[in-house]
Amino acid sequence: MKKLLGFLALPLLLLTACGGEEGGTSGEFTLVWSDEFEGTTLDSAKWDVMTGNGAEYGNPGWGNNEAEWYQEDNISLKDGNLVITAKKERIEGEGKTFEYTSARIRTYQKAYWTYGRFEARMALPNVDGMWPAFWMLPEENYNNQGWPVSGEIDIMEARGSSDLATSGALHYANTNGQHIYQTGTKSFSRRNGESNTDFHVYAIEWDEERIDWFVDDDLFFSVERRVWHPDGNRIYPDDDSAPFDRPFHILLNLAVGGNFDNGTMPPNDFESAELKVDYVRVYQWNYLLED
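Not measured: the values here are computed from a predicted model.

Participant: Just checking my understanding: could you explain unusual backbone geometry for this structure?
Facilitator: For the bond running from Trp-147 to Pro-148, omega is 5°, close enough to zero to count as cis. Looking at the element boundaries, Pro-148 is found in the loop between strand 10 (130-138) and strand 11 (152-157). In this structure, Pro-243 follows Ala-242 across a cis peptide bond, with omega equal to 5°. As for its position among the elements, Pro-243 is in the loop between helix 1 (225-228) and strand 17 (248-256). The backbone phi angle of Phe-37 is positive, close to 55°, even though this residue is not glycine. Within the secondary structure layout, Phe-37 lies in the loop between strand 2 (29-35) and strand 3 (48-50). For Phe-37, a relative accessible area of 2% corresponds to the buried category.

Rendered as structure tokens:
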């Protein structure tokens, strides 16, 4: 069954299996959307800038006890990269005082997809208290049930306290609607001169049967449909691949503090840290684009 893509048509580039330092594919895809961040300002036709600490969206602390205040001022485009900067900066908002600012953007209501390859080339900050993330949420809640029933795909997230690992995760619900997740870790080798502060390509390949996670074309984690939707799991009655069978949009952010690294905060002398993104690209499986 052909899946519809939620964006204005762009010139399509046919890609076949390839690899290399800049990232690649493990099958045949067509490039359907990208942002190369070559301009001077963020493209508002592609990205929605989220602000505040989550209360405006009904999710104070973004559900993770995060300490930052998100604002557009922390977004810049430099030397062909999107740069999200977390800063030690006091600001008043939502009836509280926040000591840190940062930025969070998403493609919600602008671009969203069901299945494909999603990749970004990024360099991460190695600073305590930083939590960079490249991830996906559903464009619409599954049966109006919200998170976690509607699902979440974390393509990459990292703890700023270590430059030797990143991880990916899949969040969903069990038969009782309780939060369940699967996670895998990609480790880097200091001996080989590796670090997540260098640019790497972080990607998933997602279809009806499974989701695979890659760093620089190294497959390090997979989740098959039978894991998130076992036989008899009636929390997802409509389809045996729900909730990961419907459109999701992309998010990029650099959080401060939060639950992911057990509440680790920046050091006392912290001033700023940067998440750099060279590009974000979305490819669709060719068989889903065929008439």
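Don't stop here, the text continues.
Participant: I would appreciate a short explanation of the packing of aromatic side chains in the present structure.
Facilitator: The description of an aromatic ring pair rests on the distance of the ring centres and on the angle between the ring planes. Throughout the structure, instances matching the rule amount to 19 aromatic pairs. Here the aromatic rings of Phe-29 and Trp-285 are separated by 4.3 Å at their centres, their planes lie at 35°, and the arrangement is tilted. On the criterion of sequence distance, the pair formed by Phe-29 in strand 2 and Trp-285 in strand 18 (residues 272-285) is long-range, its members being 256 residues apart. The exposure classification of Phe-29 matches that of Trp-285, with both residues buried. Ring centres of Trp-69 and Phe-98 lie 5.4 Å apart, and the angle between their planes is 45°; this geometry places the pair in the tilted category. With Trp-69 in strand 4 (residues 68-70) and Phe-98 in strand 7 (residues 96-102), this pair connects stretches of sequence that are 29 residues apart.

Participant: Honestly, the sheet that holds strand 17 in this entry has me stumped. Any pointers?
Facilitator: Strand pairing in a sheet is mediated by backbone hydrogen bonds. Such pairs are either parallel or antiparallel. Spatial strand order, 3-8-17-10-11-12-13: 7 strands in an open sheet with antiparallel pairing. The open sheet terminates on both sides in strands that have one partner only, identified here as strand 3 and strand 13 (179-187). The mean angle between the axes of side-by-side strands here comes to 20°, regardless of whether they run parallel or antiparallel. By the bridge criterion, 4 bridges tie strand 11 to strand 12 (residues 165-173) in an arrangement that is antiparallel.

Participant: Where do I start with the environment of Val-277 in this structure?
Facilitator: The residue Val-277 is located in strand 18 in this model. Classification of Val-277 as buried rests on a relative accessible area of 0%. For the pair Val-277 and Phe-37, spaced 240 residues apart in the sequence, the C-alpha separation amounts to 8.2 Å. Once residues lying within four places of it in the same chain are set aside, the contact partners of Val-277 are Phe-37, Gly-80, Asn-81, Leu-82, Ala-120, Arg-121, Met-122 and Leu-252.

Participant: Is there a simple way to think about the layout of surface pockets in this case?
Facilitator: A probe as big as a water molecule, rolled over the atoms, marks out the empty space that is left. Counted as a void, the largest pocket has a volume near 1,000 Å³. Together, 40 residues line the largest pocket, and Trp-62, Asn-64, Trp-135, Trp-147 and Glu-152 are the ones closest to its centre. Going through the elements one at a time, strand 8 (104-106), strand 10, strand 11, strand 12, strand 13 and strand 17 are the ones with two or more residues in the lining of the largest pocket. A total of 5 residues in the lining of the largest pocket trace back to one element, the largest contributor, which is strand 10. Class assignment for the residues of the lining of the largest pocket results in 15 nonpolar, 16 polar and 9 charged.

Participant: I would appreciate a short explanation of the nonpolar core in the present structure.
Facilitator: For soluble globular proteins, nonpolar side chains are generally found buried alongside one another. Core analysis: the biggest nonpolar cluster contains 64 residues, and Leu-82, Met-122, Ile-153, Trp-206 and Val-280 have the highest contact counts within it. The leading source of residues in this core is strand 18, at 7 residues. When neighbours within four sequence positions are excluded, Met-122 is seen to be in contact with Phe-134, Met-156, Asp-198, Phe-199, His-200, Tyr-202, Leu-252, Leu-275, Lys-276 and Val-277. Residues Trp-131, Ala-133, Leu-137 and Ala-255 belong to the second largest nonpolar core, which totals 10 residues.

Participant: Explain the side chain of Asp-207 here, please?
Facilitator: Looking at the secondary structure, you find Asp-207 in the loop between strand 14 (200-206) and strand 15 (210-215). In this structure, Asp-207 is buried with no salt-bridge partner, the nearest side chain bearing the opposite charge being Arg-210 at 6.2 Å. Engagement of the side chain of Asp-207 in a polar contact is seen with the backbone nitrogen of Glu-209, the distance being 2.9 Å. For Asp-207, the contacting residues outside a window of four places in its chain are Tyr-115, Trp-285 and Tyr-287.

Participant: Looking at this structure, I do not really get the pairing of strand 2. What am I missing?
Facilitator: For a regular strand, side chains alternate in direction, first toward one face of the sheet and then toward the other. Among the 7 residues of strand 2, 7 are classified as buried, and the element is accordingly described as predominantly covered. By the bridge criterion, 6 bridges tie strand 2 to strand 18 in an arrangement that is antiparallel. Bridge assignment links Asp-35 to a residue of strand 18, and that residue is Val-280.

Participant: Which parts of the structure should I look at to understand the pattern of salt bridges?
Facilitator: Close approach of charged atoms allows side chains with opposite charge to pair. Here the structure, examined in full by the defined rule, presents 16 salt bridges. Across the pair Glu-119 and Arg-117 runs a salt bridge, and its minimum N-O distance is 2.7 Å. Judged by its relative accessible area of 1%, Glu-119 falls in the buried class. Salt-bridge contacts for Asp-212 lead to Arg-210; the nearest nitrogen and oxygen are separated by 2.9 Å.

Calculation notes
- Residues numbered from 1 in each chain as written.
- Predicted model: local features only at pLDDT ≥ 70, side-chain atom pairs only at ≥ 80, totals over all residues.
- Heavy atoms only, no water.
- Helix = DSSP H or I, 4+ residues; strand = E, 2+ residues; numbered from the N terminus.
- Buried < 20%, exposed > 50% of the residue type's maximum accessible area, 1.4 Å probe, protein only.
- Phe/Tyr/Trp six-rings, centres within 6.5 Å; stacked < 30°, edge-to-face > 60°.
- Pairing = 2+ DSSP bridges.
- Axes fitted to C-alpha atoms, helices over the stretch in contact; angles between N-to-C directions.
- Contact = heavy atoms within 4.5 Å.
- 1 Å grid on protein atoms, 1.4 Å probe; cavity = no way out; pocket = protein on both sides within 12 Å on 5 of 7 lines; lining within 4 Å.
- Points joined across faces, edges and corners; volume = space filled by probe spheres on them.
- Nonpolar A, V, L, I, M, F, W, Y, C, P; charged D, E, K, R; others polar.
- Core = buried A, V, L, I, M, F, W, Y, C linked by side-chain atoms within 4.5 Å.
- Lys, Arg positive; Asp, Glu negative; His and termini not counted.
- Salt bridge = Lys/Arg side-chain N within 4 Å of Asp/Glu carboxyl O.
- Polar contact = N/O pair within 3.5 Å; in protein donor to acceptor, adjacent residues only side chain to side chain.

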